[in-house]
Amino acid sequence: QVQLVESGGGLVQAGGSLRLSCAASGRTFSSYTMGWFRQAPGKEREFVASIIGSGFSTYYADSVKGRFTISRDNAKNTVYLQMNSLKPEDTAVYYCAANQYGSIRTAPEAMDYWGKGTLVTVSS
């Protein structure tokens, strides 16, 4: 069983920055594709960013491209999401997720494990 724990959420003003962290258990973390998803009130969960096991390839939703950066530190079993130039529409619960087989699919149903989420609120 893989466990994921997010941290770093909070309240920021529009234009500000925040870094989210996701600490993972699992003996083969370096082989997992890791992703960040978010869900706003009344909306479906949506893809934000993902990173393959080596960390050398990343993928982003168009809505965050150029503003967010995903990275990972396999020695620490941790994945990060650096969020810059935040907008009120970025307000959501952000979830860390893992695909144990290295898939690059971006649909939520492609992920095998999920954290419980961390709330990000961006004020105008």
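Residues numbered from 1 in each chain as written. Predicted model: local features only at pLDDT ≥ 70, side-chain atom pairs only at ≥ 80, totals over all residues. Heavy atoms only, no water.

(A) Looking closely at unusual backbone geometry. A positive phi angle is found at Asn77, which is not glycine, with a value near 50°. Checked against the element boundaries, Asn77 lands in the loop between β7 (68-73) and β8 (78-83). Of note in the backbone geometry, Ser85 takes a positive phi value of approximately 50° without being a glycine. For Ser85, the location among the structural elements is in the loop between β8 and β9 (92-99). (Helix = DSSP H or I, 4+ residues; strand = E, 2+ residues; numbered from the N terminus.)

(B) Highlighting the pattern of salt bridges. All chains considered together, the criterion is met by 4 salt bridges. A salt bridge links Glu46 to Arg38, with the shortest nitrogen-to-oxygen separation between them at 2.7 Å. On the accessibility criterion, Glu46 (35% relative accessible area) is partly exposed. The exposure class assigned to Arg38 is buried, which follows from its relative accessible area of 6%. Of the charged contacts, one joins Asp62 and Lys65 as a salt bridge, the two residues approaching to 3.2 Å between their closest N and O atoms. Owing to a relative accessible area of 68%, Asp62 belongs among the exposed residues under this scheme. (Salt bridge = Lys/Arg side-chain N within 4 Å of Asp/Glu carboxyl O. Buried < 20%, exposed > 50% of the residue type's maximum accessible area, 1.4 Å probe, protein only.)

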